[in-house]
Amino acid sequence: MEPAQPADRVPADQTPPDGQPPAAPTPAAAVPEGEPALVEPAGAAERAPADGAAETGELPAPPPAVDARKSERSPKDMALSLLILLVPIALLLAFHRGFLGGDQPITVDPAPAVESARAANAFPVSEPAELGDGWQTVSANFQTVEGGASLRLGYVTPEGRGAQLVQSSVPPERLLPTELTAEGQPQGQTDLGGRTWQRYTGRANEQALVLLEPNRTVIVVGDARDNELRHLAGSIR
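Below is a summary of the structure that appears in this document. Here the residue index of a chain counts from 1 through its sequence in written order. The predicted origin of the model limits local features to residues at a pLDDT of at least 70 and limits the giving and counting of side-chain atom pairs to 80 or more, whereas totals for whole chains, interfaces and linings rest on all residues. Processing note: side-chain calculations cover all non-hydrogen atoms of the structure and skip hydrogens and water entirely.

## Section: helix α5 (residues 111-120)
The classification of residues rests on relative accessible area computed with a 1.4 Å probe and restricted to protein chains. Under 20% of the type maximum is buried, over 50% is exposed, and intermediate values are partly exposed. The way it works is that DSSP assigns letters per residue, a run of H or I at least four long becomes a helix, a run of E at least two long becomes a strand, and they are numbered from the N terminus. Of the residues making up α5, those classed as buried are A113, V114 and A117. One side of α5 holds all its buried residues, which, seen down the axis, span an arc of 100°. Seen from the open side of α5, the exposed residues pointing more than 90 degrees away from its buried face are P112 and A119. Only heavy atoms enter the contact rule, under which two residues are in contact if any of them lie within 4.5 Å. Lining the buried residues of α5 we find β1 (136-145) and β2 (148-156). The positive-phi residue at the C-terminal boundary of α5 is N121, with phi of around 55°. Starting at the helix axis, one direction is taken to each C-beta atom, and the arc is that of these directions.

## Brief notes about the nonpolar core
We call a set of buried residues a nonpolar core when its members are Ala, Val, Leu, Ile, Met, Phe, Trp, Tyr or Cys and they connect through side-chain atoms within 4.5 Å of each other. Counting 25 residues, the largest nonpolar core has L151, Y155, L165, W197, L209, V220 and L232 as the members making the most contacts within it. Every element with two or more residues in this core is listed here: α5, β2, β3 (162-168), β6 (207-212), β7 (217-222) and α7 (226-234). Broken down by element, the residue count for this core peaks at 4 residues, all from β2. Beyond its immediate sequence surroundings of up to four residues, L151 is in contact with A113, V114, A117, F123, V125, N141, F142, L165, V166 and Q167. Core analysis: the second largest hydrophobic core is formed by 10 residues, V170, L176, Y200 and V221 among them.

## Some details on a nonpolar patch on the surface
Put simply, a patch holds well-exposed residues, over 30% relative accessible area, that have no salt bridge, with like charges counted together within 9 Å and Val, Leu, Ile, Met, Phe, Trp or Tyr side chains within 5 Å. Each accessible area is a Shrake-Rupley estimate made with a 1.4 Å probe; only the visible protein chains count as cover when residues are assessed. What makes a salt bridge here is a side-chain nitrogen of Lys or Arg within 4 Å of a carboxyl oxygen of Asp or Glu, nothing more. Together, L80, L83, V87 and L91 give the surface a local cluster of nonpolar side chains, amounting to about 380 Å² of exposed area. Structurally, L80 can be placed in helix α4 (residues 75-98).

## Thoughts on the pairing of strand β4 (residues 186-192)
Each regular strand displays side chains that alternate between the two surfaces of the sheet. Paired strands, in this sense, are two strands between which DSSP finds at least two bridges. For β4 and strand β5 (residues 195-201), the ladder comprises 5 bridges, and the chain directions are antiparallel. Across the sheet, residue Q189 finds its bridge partner in β5, namely Q198. If you look at the hairpin formed by β4 and β5, you'll find 2 residues sitting between the two strands, and G193 has a positive phi there, around 60°.

## Some thoughts on the packing of aromatic side chains
Think of it this way: a Phe, Tyr or Trp ring, Trp meaning its six-membered ring, pairs with another when their centres are within 6.5 Å, and the plane angle makes it stacked under 30 degrees, edge-to-face over 60, tilted otherwise. If you walk through the whole model with that rule in mind, you get 1 aromatic pair. Pairing W135 with Y155 gives two aromatic rings, centres 6.3 Å apart and planes at 75°, and the pair type is edge-to-face. Placement of the pair is W135 in the loop between α5 and β1 and Y155 in strand β2, with a sequence separation of 20 residues. We note that W135, like Y155, is buried.

Written as structure tokens, this is what we have:
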């Protein structure tokens, strides 16, 4: 007699007894609650077609190839492009200088500013006389400030440098630091037109001539050469 087998043990021999039909295979048991389900074989998701492909049955077209030769510019091409831009600019500059006088300073009439200074009667007003050809007045301004009033006339010299004539009733201890900065220092005296002027250093590369009078202070300052500044100071009448 064979020993008894457990109830949950499946017999190894599935052959039915004589005269009986073959037994159907037992379906897989449901996964008990709390136990992990079987993992889908790797690669199954990769083999699944995309949504669009699943609907149309067609694969998406590959992106167009980029021709690297078209995106690169040779130095010769860059030089030609730059030349095309520079030619019209050079023509405009030549026209501006040759026909419109682009290099010439814009001159002004100093008469209104001089008349305003004389009408204010704050100090004796003088004007340069006989400056000669090449001197151009480029600015003229009269204004009243705290403690006095000032008249400024700006010039371009025949050598193309700048010079300014300042006449003011502001006390010199306040005027000189303003016009010449704190770096302005006296450098001695010089006689011009029968009057004694004080030589001063100015800002940066500028120099100045200062005339101290009871009712006004006169300053000739600029980056013009010494002979041009002396000519301007000596022409004041």
